[in-house]
Amino acid sequence: MERAGANVIQSRNDFAVMGLAEGIGAIPAHLRALRRLRRRFVADLYDLVVLVDYPGFHLRVAAAASDYGIPVLYYIAPQLWAWGSWRLRAIRRHVRQVAAVLPFEEEYFRSRGVAAEFVGHPLLDREDVLSIEAARASLGISDTEVVLGLLPGSRKAEVDRLWPNFRDAAKRLAKSDPSLRVLVAAVDGNEYPDAPQFQYCQMNSNTVLSAADAVLCKSGTASLEAAIFETPTVIAYKMNPITFGVAKRVVRTPHIGLVNLIADREVCPEFVQSEVTPRALASAVEPLLRGDCEEAEIQRQAFAQVRDKLGGAGATQRVADMAEQLVA
């Protein structure tokens with residue numbers, strides 16, 4: 001957004017957290033940010049508020065905006081179909097329109113009294129997708145090399161929990177095949193220790209996904225991105241034990257990966273919490289590195305079906321049109 005010309009008054013990195021236990025310590029920063037936004041709402045600086053995910057904070061922003069008569073558009077809706085359905089009341093009261101990016105979300109929200117429209121997924125609007133040949137050429141990798149990609153996430157807590165297992169799984173595979181190339185989708189500010197032999201692609205997950213024969217990937221949008229790139233995938237996630245204990249009791253979905261949720265079956269193997277071990281991850285991804293194996297082909301066929309369900313390109317323009325209508 002900053003590169004596109006947005007005036008960033010506070011970075012989400014100042015207080016972006018994920019999970020109950022992690023969020024407690026960030027409460028003061030959130031309250032300061034909310035007070036700052038309220039002052040700007042009072043000053044009548046905005047014609048529209050567009051919220052992106054992050055409901056614990058953003059629904060409070062929505063309430064503040066609606067108090068001052070500012071319409072609210074929620075783009076990338078909270079995943080209330082998974083957990084947190086108690087937030088529906090706040091959305092009905094304070095959000096003028098939901099722009100849904102997953103195919104089943106429009107009916108979910110509309111049936112509960114929320115104005116919602118499926119706009120498609122913005123990942124389909126990406127213009128920086130490389131062919132496997134171009135991606136490998138940019139990284140100095142030949143067409144014949146076998147390549148494993150590691151996508152341990154962007155938040156520091158995610159990387160800290162997943163990286164040791166992803167790294168050691170890759171090392172196990174490299175021990176069996178010393179010619180294996182390992183690419184890491186790295187994010188500035190995070191640490192990836194004890195693997196100098198890996199190749200690091202800073203802030204460039206699309207190149208990793210294009211170049212890899214298969215990937216180990218954290219759950220969430222990254223797994224859906226892998227499906228759009230048609231890269232065979234193994235999904236994993238670990239969280240704070242307290243947060244996980246709460247999540248087990250409230251989350252209602254059968255899968256953690258968005259690609260599996262949209263497909264309504266386990267297309268990509270999933271590993272959660274104590275299941276995330278180097279041995280398990282290596283065993284699951286090893287056959288996928290052979291591009292002609294049955295498991296990889298089954299995934300690619302399912303990825304094509306998932307992509308069809310996401311609709312065509314144009315989500316970004318549809319949301320822009322929606323925003324114009326709300327301020328007209």
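Structure report, in brief. All of these numbers come straight from a predicted model, not from anything done at the bench. (Residues numbered from 1 in each chain as written. Predicted model: local features only at pLDDT ≥ 70, side-chain atom pairs only at ≥ 80, totals over all residues. Heavy atoms only, no water.)

## A look at the overall build of the protein chain
Here is step 1: A tally of helices and strands in the protein chain yields 14 helices and ten strands.
Here is step 2: Taking 2.2 N^0.38 as the reference for a compact globule, 328 residues should give roughly 20 Å; the C-alpha atoms of the protein chain span a radius of gyration of 21 Å, in line with that estimate.
Here is step 3: Once the C-alpha set of the protein chain is aligned to its principal axes, its extents read approximately 60 × 40 × 40 Å.
Here is step 4: In the protein chain, the proportion of contacts linking residues at least 24 apart, taken out of those at least 6 apart, comes to 64%.
Here is step 5: Surface exposure of the protein chain reaches about 16,500 Å², of which carbon and sulfur atoms provide 51%.
Here is step 6: Taking the average location of the 38 positive side-chain charges in the protein chain and that of its 39 negative ones, the two points are 10 Å from each other. (Helix = DSSP H or I, 4+ residues; strand = E, 2+ residues; numbered from the N terminus. Rg over C-alpha atoms; globule rule 2.2 N^0.38 Å. Contact = heavy atoms within 4.5 Å. Areas by Shrake-Rupley, 256 points an atom, 1.4 Å probe, with all protein chains shown as cover. Lys, Arg positive; Asp, Glu negative; His and termini not counted. Charge placed at Lys NZ, Arg CZ, Asp CG, Glu CD.)

## Here we look at the nonpolar core
The nonpolar side chains of soluble globular proteins are, as a tendency, buried together.
Here is step 1: Of all hydrophobic cores here, the largest spans 56 residues; its most connected members are Val 98 and Phe 109.
Here is step 2: Beyond its immediate sequence surroundings of up to four residues, Val 98 is in contact with Tyr 74, Ala 77, Ile 91, Phe 109, Val 114, Ala 115, Ala 116 and Glu 117.
Here is step 3: In this structure, Leu 150, Trp 163, Leu 180 and Tyr 192 belong to the second largest nonpolar core, which totals 33 residues. (Core = buried A, V, L, I, M, F, W, Y, C linked by side-chain atoms within 4.5 Å. Buried < 20%, exposed > 50% of the residue type's maximum accessible area, 1.4 Å probe, protein only.)

## Re helix α9 (residues 221–228)
Here is step 1: Buried residues dominate α9, accounting for seven of its eight residues.
Here is step 2: Taken together, the buried positions of α9 are Ala 222, Ser 223, Leu 224, Glu 225, Ala 226, Ala 227 and Ile 228.
Here is step 3: As for α9, its buried residues are in contact with α8 (205–211), β8 (214–218), β9 (233–237), α11 (258–263) and α13 (294–309).

## Looking at the pairing of strand β1 (residues 49–52)
Here is step 1: Across the two faces of β1 the burial differs, with Val 49 and Leu 51 buried and Val 50 and Val 52 not buried at all.
Here is step 2: Relative to strand β2 (residues 72–75), β1 is paired through four bridges, and the arrangement is parallel. Bridge assignment links Val 50 to a residue of β2, and that residue is Leu 73.
Here is step 3: At this point the chain moves from β1, through helix α3 (residues 55–67), to the parallel β2, and the crossover so formed is right-handed. (Pairing = 2+ DSSP bridges. Right-handed = clockwise from strand over helix to strand, strands pointing away.)

## Overview of the packing of helix α7 (residues 156–176) against helix α12 (residues 278–285)
Here is step 1: Taken N-terminus to C-terminus, the directions of α7 and α12 make an angle of 55°; their axes are 8 Å apart at the nearest point. When the axes of α7 and α12 are compared, the pair comes out oblique. The way α7 lies across α12 gives a crossing that is right-handed. Facing Asn 165, Phe 166, Asp 168, Ala 169, Arg 172 and Leu 173 of α7, the residues of α12 in contact are Pro 278, Arg 279, Leu 281, Ala 282 and Val 285.
Here is step 2: Looking at the contact of α7 with α12 residue by residue, the class counts come to seven nonpolar, one polar and three charged. (Axes fitted to C-alpha atoms, helices over the stretch in contact; angles between N-to-C directions. Parallel < 35°, antiparallel > 145°, perpendicular 65-115°, else oblique. Left-handed = near helix turned anticlockwise from the far one by under 90°. Nonpolar A, V, L, I, M, F, W, Y, C, P; charged D, E, K, R; others polar.)

## Digging into the packing of aromatic side chains
Here is step 1: Applying the stated criterion to the full structure yields eight aromatic pairs.
Here is step 2: Ring centres 6.0 Å apart and planes at 80° place the aromatic pair Phe 41 and Tyr 46 in the edge-to-face group.
Here is step 3: With relative accessibility at 4%, the residue Phe 41 sits in the buried group.
Here is step 4: For Tyr 46, a relative accessible area of 25% translates into the label partly exposed.
Here is step 5: Joined through ring pairs, the aromatic side chains of Trp 163, Tyr 192, Phe 198 and Tyr 200 make up one cluster. (Phe/Tyr/Trp six-rings, centres within 6.5 Å; stacked < 30°, edge-to-face > 60°.)

## Some details on the sheet that holds β9
Here is step 1: Pairing within the open sheet is parallel, and its six strands lie in the order β7-β6-β5-β8-β9-β10. In the strand order of this sheet, the two ends are held by β7 (199–202) and β10 (270–272), each with one partner. Each adjacent strand pair in this sheet contributes to an overall mean axis angle of 20°, direction not counted.
Here is step 2: Here four bridges tie β8 to β9, and the two strands are oriented parallel to one another. The residue bridging Cys 217 from the neighbouring strand is Ile 235, located in β9.

## Some words on the environment of Trp 81
Here is step 1: Tracing the backbone through its elements, the reader meets Trp 81 in the loop between β2 and α4 (88–94).
Here is step 2: Its relative accessible area of 11% is what places Trp 81 among the buried residues.
Here is step 3: As for Trp 81 and Ser 142, which are separated by 61 residues in sequence, their C-alpha atoms are 44 Å apart.

## Comments concerning the side chain of Glu 225
Here is step 1: Tracing the backbone shows Glu 225 in helix α9.
Here is step 2: The contact partners of Glu 225, leaving out residues within four places of it in the chain, are Leu 123, Arg 126, Ser 205 and Leu 209.

## Examining the pattern of salt bridges
Here is step 1: Using the criterion set out here, one finds eleven salt bridges in the structure.
Here is step 2: In this structure, Glu 158 engages Arg 155 in a salt bridge whose closest nitrogen and oxygen atoms are separated by 3.5 Å.
Here is step 3: The exposure class of Arg 155 is partly exposed, given its relative accessible area of 25%.
Here is step 4: Lys 156 serves as the salt-bridge partner of Asp 160, at 2.6 Å between the closest nitrogen and oxygen. With a gap of four residues between them, Asp 160 and Lys 156 both fall in helix α7, about one helical turn apart.
Here is step 5: You can call Lys 156 partly exposed: its relative accessible area is 49%. (Salt bridge = Lys/Arg side-chain N within 4 Å of Asp/Glu carboxyl O.)

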